[in-house]
Amino acid sequence: STHTTSGSLAGGLPLLRGIDSTGAVRRHPGPLLSIVGGASRLVARRHVAVAAGPHHRVQVVPGSGMRPHTENTAEVSAAVTAFVETFLQQKEA
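Described in the following lines is the structure provided in the data block.

1. A short note on the overall build of the protein chain
Alright, step 1. When helices and strands are tallied, the protein chain shows 4 helices and 2 strands.
Alright, step 2. When the helices and strands of the protein chain are read in sequence order from the N terminus, they spell out α-α-β-β-α-α.
Alright, step 3. A compact globule built from 93 residues should have a C-alpha radius of gyration of about 12 Å, whereas the protein chain, at 16 Å, is more than 25% larger.
Alright, step 4. Each principal axis of the C-alpha atoms in the protein chain carries an extent, and together these give about 60 × 30 × 20 Å.
Alright, step 5. In the protein chain, which comprises 93 residues, the proportion classed as buried is 22%.
Alright, step 6. Of the contacts made within the protein chain by residues no fewer than 6 positions apart, 58% connect residues no fewer than 24 positions apart.
Alright, step 7. Summed over all atoms, the accessible surface of the protein chain reaches about 6800 Å², with 57% contributed by carbon and sulfur.
Alright, step 8. Side-chain charges in the protein chain split into 9 positive and 5 negative, and the spacing between the mean points of these groups amounts to 12 Å.

Pasting the structure below:
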């Protein structure tokens, strides 16, 4: 049998069905930045669990699909840098 990426993905997706990490993510007390592609057909903003408050954020990268970190590296890098700097500044204050 031929090993393919799509075959591996298709075989692994049923393993994720029914898993809900929403509660655990919302209880996470530390900073959390979720980055999703605005054009992704797999993960959208509505799929991302966050807690209320400034320590959890979602960054939607317009025009990017499911790999915004490779499709729009500059915007993702800027979002991560800004997020980290926000918490470093809070720590220093």
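2. Looking at the side chain of Ser-40
Alright, step 1. Looking at where Ser-40 falls in the secondary structure, it is placed in the loop between strand 1 (32–37) and strand 2 (56–61).
Alright, step 2. Ser-40 sits in the buried class, given a relative accessible area of 11%.
Alright, step 3. Looking at Ser-40, its side chain comes within polar contact range of the main-chain nitrogen of Val-43, at 3.1 Å.
Alright, step 4. Discounting residues that sit within four places of it in the chain, Ser-40 has contacts with Ser-64, Gly-65 and Met-66.

3. Let's talk about the environment of Ala-39
Alright, step 1. Note that Ala-39 resides in the loop between strand 1 and strand 2.
Alright, step 2. According to the relative accessible area criterion, Ala-39 is partly exposed, its value standing at 45%.
Alright, step 3. Along the sequence, Ala-39 and Pro-62 sit 23 residues apart, while their C-alpha atoms lie 6.7 Å from each other.
Alright, step 4. Dropping the residues within four chain positions of it, Ala-39 is found in contact with Gly-63, Ser-64 and Gly-65.

4. Some words on the side chain of Ser-64
Alright, step 1. The residue Ser-64 is located in the loop between strand 2 and helix 3 (68–71) in this model.
Alright, step 2. Here Ser-64 is in contact with Gly-37, Gly-38, Ala-39, Ser-40, Glu-71 and Asn-72, once residues within four sequence places are set aside.

The rules behind each value
- Residues numbered from 1 in each chain as written.
- Predicted model: local features only at pLDDT ≥ 70, side-chain atom pairs only at ≥ 80, totals over all residues.
- Heavy atoms only, no water.
- Helix = DSSP H or I, 4+ residues; strand = E, 2+ residues; numbered from the N terminus.
- Rg over C-alpha atoms; globule rule 2.2 N^0.38 Å.
- Buried < 20%, exposed > 50% of the residue type's maximum accessible area, 1.4 Å probe, protein only.
- Contact = heavy atoms within 4.5 Å.
- Areas by Shrake-Rupley, 256 points an atom, 1.4 Å probe, with all protein chains shown as cover.
- Lys, Arg positive; Asp, Glu negative; His and termini not counted.
- Charge placed at Lys NZ, Arg CZ, Asp CG, Glu CD.
- Polar contact = N/O pair within 3.5 Å; in protein donor to acceptor, adjacent residues only side chain to side chain.

These results come straight from atomic positions and should not be treated as a statement about function.
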